[in-house]
Amino acid sequence: MRRLIFSLLLILLFSVGYAQQKFTLSGTVRSQRTGETVINASIKPVNSTEGMSSNEYGFYSITLPAGEYIIEYSAVGFETVAENVTLDQDVSKNIVLPDEIKNLDNVTVSASGKGRTITGTQMGVERLSITEVKTIPMLLGERDILKAIQLLPGIKPAGDGNSGFYVRGGSADQNLILLDEAQVYNASHLMGFFSTFNSDAIKDITVYKGGMPAQYGGRLSSVLDVKMNEGNNQNYELSGGIGLISAKLNLEGPIQKNRSSFLLSGRRTYADVFVPLAKDTALRNNKLYFYDYNAKFNYKMGEKDNIYVSGYFGRDYLKLDQQFGINWGNITGTLRWNHIFNSRLFSNTSFIYSDFDYNININNPNNDLDIYSKIRDLNLKQEFQWYAGSRHSLRFGLNSIYHKIRPGDVTSSGNASFNNFYLQDRYSWENALFVTDTWKAAPWLNVTYGARLTSFAVLGAGDFYEIDADGNITDTLTYKKGEIVKNYLNLEPRLAASFIINQTSSFKTSYVRNVQNLHLMSNSTTGAPTDKWLASTNIIKPEIADLFSVGWYKNFAENRYEFSTEAYYKKMYNQIDYRTGADVFTNDAIESQILFGIGRAYGWELFLKKKTGKATGWISYTLSKTERKINGINDGAWYNARQDRIHDVAIVVNYQLNRKWNLAANWIYYTGDAVTYPAGKYIIDNQVVFYYTKRNADRMPAYHRLDLGATWLLKNKKNFTSELAFSLFNAYGRENPYIITFRQNKDEPMRTEAVKTSLFRFVPSISYNFKFK
Amino acid sequence: MSPILKLTCIVISASLIAVSCERVISVDIKDAPLQYVVEGVITDDSICRVRVSQTSNFHDSLNLVGINNALVTITEEGRSPIVLISASERGIYRARFTGRPGRTYHLRVEVPGAANAGVFTATSTMPKKVWLDSLYITQRVFLGRTRNIATIRFKDPPERGNAYRFIQYVDGKAETTIFIAKDDLINGHSVTDELLIFNDAYTLNKCDQVRVEMQCIDQPNYLFWYSLNQGSLGSSQSASPGNPASNIKGGALGYFSAHAVSALNIAVFPDSTCSYPAD
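The model shown is predicted, which means the values in this text are computed figures rather than measured ones.

What follows covers the side chain of A:Thr196. Residue and element names in this part refer to chain A. In this structure, Thr196 sits in the loop between strand S15 (194–195) and strand S16 (202–208). With relative accessibility at 3%, the residue Thr196 sits in the buried group. Discounting residues that sit within four places of it in the chain, Thr196 has contacts with Val184, Asn186, Ala187, Ser188, His189, Arg267, Asp292, Tyr312 and Asn330.

And the structure:
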């Protein structure tokens with residue numbers, strides 16, 4: 001009751017405050033050393049509960065009653081700067097933050113992102129700083145942001161050493177992976193063992209596993225928003241590294257100091273990654289490598305306009321005996337224009353290109369064949385951020401994407417056994433309008449409410465099909481170029497509220513609906529580049545997910561520790577799976593090869609993080625359940641999704657031993673994947689065939705693993721730093737199952753045995769990194 | 001097309017196998033009630049044979065004893081049923097009957113005393129016959145080793161919808177790899193196809209007597225072999241193993257196929273050092 005009266009009083013005070021004149025303080029926060037904008041810096045008047053964060057382009061705007069203020073600007077990895085501001089008119093103030101100075105006698109590492117705020121409404125968000133990612137030991141020493149996020153609650157690895165991930169019961173294709181706003185369709189190299197993101201070129205990683213803001217849409221389960229570095233506009237920097245499998249080089253610097261800068265970054269694996277490890281000399285003739293390049297250029301046109309151009313190009317090659325080859329890769333490009341209309345209105349316009357393709361080539365003395373497939377997006381996004389007053393800030397805009405999918409072109413030379421064969425190209429146009437208001441409703445209550453309205457138009461030219469329940473084509477409908485086959489209109493509400501209990505704790509709740517119109521069909525355990533992207537059609541309906549979540553957040557011991565817990569329930573509609581014996585490569589009527597159903601997932605996540613001190617790290621635990629119900633699979637009954645894992649634990653520890661040495665360890669444990677074991681066996685044509693009953697009713701053995709790492713700072717001069725990094729993946733050599741197969745015993749052919757194949761044990765690595773400044 | 005995908009898979013997994021280790025483990029298998037299995041074949045080559053058997057539990061030895069008291073008939077459309085007679089303890093039923101391309105056959109199997117009815121039926125149409133034109137041995141490097149590979153030629157007819165299954169016999173013993181093809185990519189072509197065996201060490205040896213049988217199968221049987229190969233052999237990397245798509249109705253596993261066959265024989269690079277038993 002006392003609290004209620006107190007709250008009412010505060011509201012009253014606030015309303016009175018409204019009568020007072022207000023002014024806006026705005027500007028851009030940048031790093032002093034590099035000139036890069038600082039994302040998510042905190043801007044806060046001293047002795048006040050008000051506060052704002054800089055946006056993804058470093059811009060901030062805060063509206064306060066007229067008066068004298070001391071404003072504190074702070075961000076992870078930077079010294080806090082306090083400025084005196086007299087607010088008797090709108091004030092524009094650009095701020096540069098100096099790098100954090102590490103106290104050498106009493107080493108303090110402030111490793112934590114400040115992404116998780118007590119007061120904000122955003123739930124289900126995880127931010128990792130690149131500094132945090134750098135010390136986590138990884139397979140073959142290759143730093144990887146996609147593997148680092150798997151150590152967070154609710155995010156699970158797709159397999160041993162794999163960069164693919166599942167979020168809160170969603171499948172791997174239900175993650176929206178963005179690199180500078182461009183969608184990355186296949187975010188992995190070498191069958192998923194490495195991600196497409198070269199961590200040297202990355203500035204910021206944010207994962208939304210729930211409560212996605214309305215400006216994001218198109219995938220059911222998560223948004224992974226990766227931002228590239230802009231390039232130092234103060235000084236030239238050359239950095240690089242040589243590891244066991246790859247070498248990297250990164251060059252950045254000003255074109256015109258303070259005005260424009262560039263960044264070029266490249267990475268290439270050595271000819272063959274695993275092949276040298278092969279015992280079998282026969283395999284050494286094969287080729288297996290990848291490379292990727294990141295480039296960015298930015299230009300400041302006066303105080304109000306910024307232009308950014310960024311791009312990514314990466315490709316994998318795999319060649320065998322000169323007779324078989326497959327290569328695949330992503331290309332993305334983003335052109336962005338930031339404009340500050342006034343102290344309260346910020347605008348960003350982006351033109352985005354993204355492309356994924358693969359090419360399979362077979363060339364042997366008897367036959368040759370070439371298979372090509374591609375997905376390409378042209379994307380325009382316009383977004384406004386309007387800091388409407390001290391209590392409301394709005395984001396609104398529109399997004400328009402034109403998708404073209406080329407499902408498969410099969411070509412062959414004239415004398416081969418094959419016909420040329422082309423699956424129909426598929427076209428679609430996806431449009432979205434979005435608006436969100438973040439409303440400081442009361443000192444104890446913040447509310448974010450908004451919606452995203454999406455329209456997905458399936459376009460001709462092409463033949464579309466009517467299909468009966470057994471997958472037979474009953475009718476073929478032919479559409480002309482540009483003709484609308486079907487338009488799906490969906491409203492996606494996005495609601496969130498935070499109830500502030502006190503300065504250090506809060507309770508939050510949210511509801512979001514997400515709609516997905518591009519679907520990835522995959523039947524392999526880990527995902528392959530040849531997995532097939534399908535757009536919604538007249539038969540394939542948009543996937544829809546409703547996610548409800550609640551959470552409690554607490555900072556304690558003077559903010560050195562943070563604790564959070566969230567619980568969620570997710571319902572998924574129009575989920576897709578393959579029919580038995582589906583053949584998707586030569587079937588134009590792809591709808592005849594698939595089945596539809598629903599899914600549900602629920603779970604409870606716990607997260608405890610120590611943010612400062614010599615030892616930092618976190619413990620995360622997830623208890624969850626994920627199921628699917630698809631008409632035609634498992635007799636139409638609920639069954640475990642493959643990624644259903646009951647328990648999931650990750651412990652990440654980092655210890656700064658002294659100025660020279662940093663030690664790190666992580667341990668993970670999860671319940672084995674849900675798999676289907678045979679229930680019996682029989683003979684068909686003299687061959688043993690297995691009999692299956694329930695889908696995914698069995699469990700692989702539990703997965704657990706310890707990784708160790710150490711970083712030795714060799715030189716730390718003003719102009720040059722270098723370090724050696726060591727790691728040991730799977731340090732106690734646990735034979736984690738990669739797959740389990742069944743076969744007849746060689747000596748007793750009537751007897752069946754289960755065989756566990758495991759991959760990485762005791763994998764050591766060493767890498768050398770350097771930086772000239 | 002499936003061999004191409006399979007090849008992709010093989011190449012991908014080959015790079016993994018290089019660093020992997022295998023171990024036999026014990027797994028907790030939940031036994032299910034035994035199921036009936038029907039394998040029915042009728043050819044234009046005077047084979048008319050049905051095997052009726054049951055599944056075995058996973059940990060048991062394979063049960064080779066068949067069901068010998070079933071009533072098994074095959075009916076050519078428009079004619080009267082032929083009764084097949086059990087000839088062995090292995091549940092094999094035969095009749096003196098030769099199928100004809102273009103005709104549709106109905107199989108009926110009734111197992112007296114079986115739970116839930118015990119009547120299994122299936123229908124298959126024997127496709128038009130396509131002849132195997134030639135068989136020869138190709139020598140080339142695959143997965144780093146020089147191998148001898150049986151290579152076949154045939155001419156796919158101009159009309160669409162043909163499907164084939166090939167069986168390779170070495171010295172009279174059938175090799176278990178499932179070779180299938182359908183004409184969506186090869187329609188109307190003279191086709192050269194290598195019977196590539198995706199096994200690290202496999203090669204045909206000099207002097208081996210190789211026989212390749214080509215079966216012209218119908219679409220449901222193509223789907224059966226295709227899905228069996230994808231997900232029922234216990235060895236695949238498929239995320240969703242399952243039972244093959246069967247054309248048997250009534251709840252039995254297996255298939256019923258009316259197919260036209262042609263076959264050729266060859267010896268692998270024979271010379272005077274080879275010795276063959278006199279026939």
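The subject of this paragraph is the nonpolar core. What tends to happen in soluble globular proteins is that the nonpolar side chains get buried as a cluster. In this structure, B:Val50, B:Val109 and B:Phe166 are the most contacted members of the largest nonpolar core, which totals 102 residues. Setting aside residues up to four positions removed in sequence, B:Val50 forms contacts with B:Val38, B:Glu39, B:Gly40, B:Val72, B:Ile74, B:Leu84, B:Gly91, B:Ile92, B:Tyr93, B:Leu107 and B:Val109. Within the second largest apolar cluster, 35 residues are counted, among which are A:Ala148, A:Ile149, A:Ala201 and A:Ile205.

All names here are of chain B. This structure, assessed with the given rule, holds 1 disulfide over all chains. Cysteine Cys48 is unpaired, with the sulfur of Cys216 as its nearest cysteine sulfur at 18 Å. What makes Cys48 buried here is its relative accessible area of 3%. For Cys216, a relative accessible area of 1% puts it in the buried group.

Our next topic: the domain arrangement of chain A. Residue and element names in this part refer to chain A. Domain boundaries in chain A define domain 1 (22–97) and domain 2 (225–772). When each unit is reduced to the centre of its C-alpha atoms, the spacing between domain 1 and domain 2 is 34 Å. Contacts between the two partners involve 24 residues from domain 1 and, on the opposite side, 30 residues from domain 2. In total, domain 1 and domain 2 occlude about 2200 Å² of area from one another, counting both sides; carbon and sulfur atoms represent 41% of this. In terms of surface lost to domain 2, no three residues of domain 1 exceed Glu36, Tyr57 and Phe59, which account for 29% of the buried area on that side.

Turning next to helix H2 (residues 219–231) of chain B. Look at H2(B): 18 Å from first C-alpha to last across 13 residues, which is about the 18 Å you get at 1.5 Å a residue. Regarding H2(B), the residues found buried are B:Asn221, B:Tyr222, B:Phe224, B:Trp225, B:Tyr226, B:Ser227, B:Leu228, B:Asn229 and B:Gly231.

Residue and element names in this part refer to chain A. Judged by pairing direction, the sheet is mixed, and its 5 strands sit side by side in the order S9-S16-S17-S12-S13 without closing on themselves. Edge strands, defined here as strands with exactly one partner in the open sheet, are strand S9 (125–128) and strand S13 (182–183). In this structure, strand S12 (residues 175–179) lies alongside strand S17 (residues 222–228), joined through 5 bridges in parallel fashion. Looking at the pairing, Leu179 lines up with Val226 of S17.

To continue, consider the interface of chain A and chain B. How big an interface is tends to be stated in terms of the accessible area lost upon association of its parts. With 81 residues of chain A at the contact, the number on the chain B side is 86 residues. For the pair chain A and chain B, the number of links is 4 salt bridges. A:Asp685 is the salt-bridge partner of B:Arg165, the closest N and O atoms lying 2.9 Å from each other. Inspection of the chain A/chain B interface yields 23 residue pairs in polar contact (both at pLDDT 80 or more). Looking at the side of chain A that touches chain B, the elements that each hand over two or more residues are strand S22 (305–320), strand S23 (324–342), strand S24 (345–363), strand S25 (368–386), strand S44 (680–684), strand S45 (687–691), strand S49 (737–744) and strand S50 (752–758) of chain A. Split by residue class, the side of chain A that touches chain B holds 44 nonpolar, 23 polar and 14 charged.

Before going further, it helps to examine the confidence of the model for chain A. Residue and element names in this part refer to chain A. Taken residue by residue, chain A gives an average pLDDT of 88. The fraction at 70 or more is 93%. pLDDT under 50 marks residues 8–18. Its contacts with residues more than four places away, or in other chains, come to 9 contacts. pLDDT under 50 marks residues 104–115. Its contacts with residues more than four places away, or in other chains, come to 32 contacts.

All names here are of chain A. All told, the structure shown has 53 salt bridges over all chains when counted by the stated rule. Here Arg395 ties to Glu56 by a salt bridge, and the two come within 2.9 Å at their closest N and O atoms. Of this pair, Arg395 sits in strand S26 (residues 392–411) while Glu56 is found in the loop between strand S3 (52–53) and strand S4 (59–65), placing the two residues 339 residues apart along the sequence. Across the pair, exposure class does not vary: Arg395 and Glu56 are buried alike. Across the salt bridge formed by Glu83 and Lys93, the nearest N and O atoms sit 3.4 Å from each other.

Procedures and definitions
Residues numbered from 1 in each chain as written. Chains lettered and ligands numbered in written order. Predicted model: local features only at pLDDT ≥ 70, side-chain atom pairs only at ≥ 80, totals over all residues. Heavy atoms only, no water. Helix = DSSP H or I, 4+ residues; strand = E, 2+ residues; numbered from the N terminus. Buried < 20%, exposed > 50% of the residue type's maximum accessible area, 1.4 Å probe, protein only. Contact = heavy atoms within 4.5 Å. Core = buried A, V, L, I, M, F, W, Y, C linked by side-chain atoms within 4.5 Å. Disulfide = S-S within 2.5 Å. Domains from an automatic or database assignment. Buried area = accessible area lost by both parts, 1.4 Å probe. Expected span 1.5 Å × (residues − 1). Pairing = 2+ DSSP bridges. Salt bridge = Lys/Arg side-chain N within 4 Å of Asp/Glu carboxyl O. Polar contact = N/O pair within 3.5 Å; in protein donor to acceptor, adjacent residues only side chain to side chain. Nonpolar A, V, L, I, M, F, W, Y, C, P; charged D, E, K, R; others polar. pLDDT = per-residue confidence, 0-100.

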